Amino acid sequence: MTNQVEEHVALNLIASPFGWLLLVIFIIGYYFIAMEEKYHLDKAKPALFMGTLMFVMIGFYYVVNGINLTPFEEAIDHLILEIAEIFFFLFVAMTYIEALSERGVFSALRAKLIAKGYSYRELFWITGTLSFFISPVADNLTTALILSTVLLAIDSKNKAFLVPSAINVVVAANAGGAWSPFGDITTLMVWAAEKGAFSDFLYLFPASFLGWIVTAYLLSRYVPNLDPNKEGNPEEAEKIEILKGGKVIIAFGAFTIAFAVIGKQVIHLPPMWGMLFGLSILQLYMYFLKKKHNIEVSIFESMSKIENNTLLFFFGILAAVGALHFVGYLVYAAKLYEMFDPTMVNIGVGFLSAIVDNVPVMSAVLKANPSIDHAQWMLVTMTAGIGGSLISFGSAAGVGVMGKMHGIYTFSSHMKFGWTVLVGYIVSLIVWYVQFSVLGFY
């Protein structure tokens, strides 16, 4: 009875001046995140500040008003677990990428691509295609991090190539992850909630693929159709080989991702547990390299090169969204299904996912458990997955690439081409409508 009363108090905070104050803090923090280029303020700083501040304020509000702190403590514990799972998953993925970079994997790949004579525009399509088809297996974030590293290896200065290509990688990774149960956290949540069988997600392939293709085509028109070898990269004439151990690390990385997925589905381990197991294997292999071949490769040196601002940004933004969820904003938003047409609400979920974050938004939808049919569940799965591409930090893939391509792929650079992503989003919706609602194909 007590918990029900306290939950009622928390949910009604949105109608109080205190609830409005929390929302204002979130909006101000969001503004400074979006204006990172203007103020030269790293996005992690306002995100972490507002995320931690909002829960500090909620805690004091409960104490001052004599409200039982049990629901607050339970919310914090649940949020810490949710953030930790994402945090450590990212941590291991980034460590593997830095280890691969140290072993010259990406430099060798760059040299191979350049040696084949591909133009910037052809490289744009190659990296985008790889991103779309790798993400359903490796997840959208890991895929985006890998391909953004490849882009920087190809050319770290040409923004005319890098910006459209980065957007293409993010859009492709999110679109590719939308049609796989383990391609994105949100699809995994929907699958775990038994709102669709494994095969059901595969029916989202046409909508996801065609939406990405349209966006990619529009973006490709802005990519210079020039030869990188003639643009200040003559040093790649000689062949570059992967350093010893690099290929083995690639295999361990693939195993780590596979085990994270299998571990989740078979023995119900959090994905980050499988990732950390893979990290332990990488550490042991580094020890083997030193003992057997006298090759010094420090795993901690790779860790030191991780984009920590990206990790802190995730912590801050998830904490801030968690605070809004705790006081009731997301719970009440989910009730829109009872007020409006589910199709319109699910389309709106895509836009909301871009502004806030798709994980808590999908969590709110699943908790509300609206009475919608199978086609609508597939729609919200798709919109939550690909909607994050509308804004640079609307998805894990986008945030990861922002950290990797700092100062190149930013909020403003993304928004300059945002219309291309919106067109692709609309195309995906049209394809879904024809496929599910008109043809009844599922």
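Criteria and thresholds
Residues numbered from 1 in each chain as written. Predicted model: local features only at pLDDT ≥ 70, side-chain atom pairs only at ≥ 80, totals over all residues. Heavy atoms only, no water. Phe/Tyr/Trp six-rings, centres within 6.5 Å; stacked < 30°, edge-to-face > 60°. Helix = DSSP H or I, 4+ residues; strand = E, 2+ residues; numbered from the N terminus. 1 Å grid on protein atoms, 1.4 Å probe; cavity = no way out; pocket = protein on both sides within 12 Å on 5 of 7 lines; lining within 4 Å. Points joined across faces, edges and corners; volume = space filled by probe spheres on them. Nonpolar A, V, L, I, M, F, W, Y, C, P; charged D, E, K, R; others polar. Contact = heavy atoms within 4.5 Å. Core = buried A, V, L, I, M, F, W, Y, C linked by side-chain atoms within 4.5 Å. Buried < 20%, exposed > 50% of the residue type's maximum accessible area, 1.4 Å probe, protein only.

Draft legend 1. Just the packing of aromatic side chains, in detail. Counting across every chain of the model gives 35 aromatic pairs. When the centroid spacing of 5.1 Å and the interplanar angle of 40° are considered together, the rings of Phe 259 and Phe 277 count as tilted. Here the residue Phe 259 occupies a position in helix 13 (residues 246-266), and Phe 277 occupies one in helix 14 (residues 271-293), the gap between them amounting to 18 residues. Note on Phe 313 and Phe 393: the rings are 6.2 Å apart at their centroids and 65° apart in plane angle, and the pair reads as edge-to-face. Here Phe 393 lies in the loop between helix 20 (374-387) and helix 21 (396-404) and Phe 313 lies in helix 16 (residues 308-327), a separation of 80 residues in the sequence.

Draft legend 2. Inspection of empty space enclosed by the protein at higher detail. This structure, assessed with the given rule, holds 2 cavities of 30 Å³ or more. In this model, the largest cavity occupies a volume close to 90 Å³. Around the largest cavity sit Val 171, Ala 175, Ser 208, Gly 211, Trp 212, Thr 215, Ile 386, Ser 389, Val 421, Gly 424, Tyr 425 and Ser 428, which together line it. For the lining of the largest cavity, the secondary-structure elements that each account for two or more residues are helix 9 (159-178), helix 12 (205-220) and helix 23 (418-438). In terms of residue class, the lining of the largest cavity is made up of 6 nonpolar, 6 polar and no charged. Empty space within the second largest cavity amounts to approximately 50 Å³. Around the second largest cavity sit Met 94, Ile 97, Glu 98, Leu 145, Ile 306, Glu 307, Thr 310, Gly 400, Gly 403 and Lys 404, which together line it. If you list the elements that add at least two residues to the lining of the second largest cavity, you get helix 5 (70-102) and helix 21. Residues that form the lining of the second largest cavity fall into these classes: 4 nonpolar, 3 polar and 3 charged.

Draft legend 3. View of the environment of Phe 161. Looking at the secondary structure, you find Phe 161 in helix 9. Remark: the alpha-carbon pair of Phe 161 and Ile 76, spanning 85 residues in sequence, is separated by 43 Å. Setting aside residues no more than four positions away along its own chain, Phe 161 makes contact with Tyr 120, Leu 123, Phe 124, Leu 151, Ile 154, Asp 155, Val 223 and Pro 224.

Draft legend 4. Summary view of unusual backbone geometry. Notably, His 40 is not glycine yet its phi reads approximately 55°, a positive angle. Positive phi outside glycine occurs at His 268, with the angle close to 60°.

Draft legend 5. Main features of the layout of surface pockets. The volume enclosed by the second largest pocket comes to roughly 540 Å³. Looking at the second largest pocket, it is lined by 26 residues, and the ones nearest its centre are Leu 100, Ile 134, Ile 146, Ile 250 and Ile 257. Element by element, the count of residues in the lining of the second largest pocket is highest for helix 13, at 8 residues. Taken together, the residues of the lining of the second largest pocket sort by class into 22 nonpolar, 4 polar and no charged.

Draft legend 6. Summary view of the nonpolar core. Judged by nonpolar contacts, the single largest core of 137 residues is most densely connected at Ile 58 and Phe 393. If you tally residues by element for this core, the top one is helix 5, at 15 residues. Residue contacts for Phe 393: discarding those within four places in its chain leaves Tyr 30, Ile 33, Ala 34, Phe 313, Val 399, Met 402 and Phe 411.

Coordinates in, geometry out; function isn't part of it.
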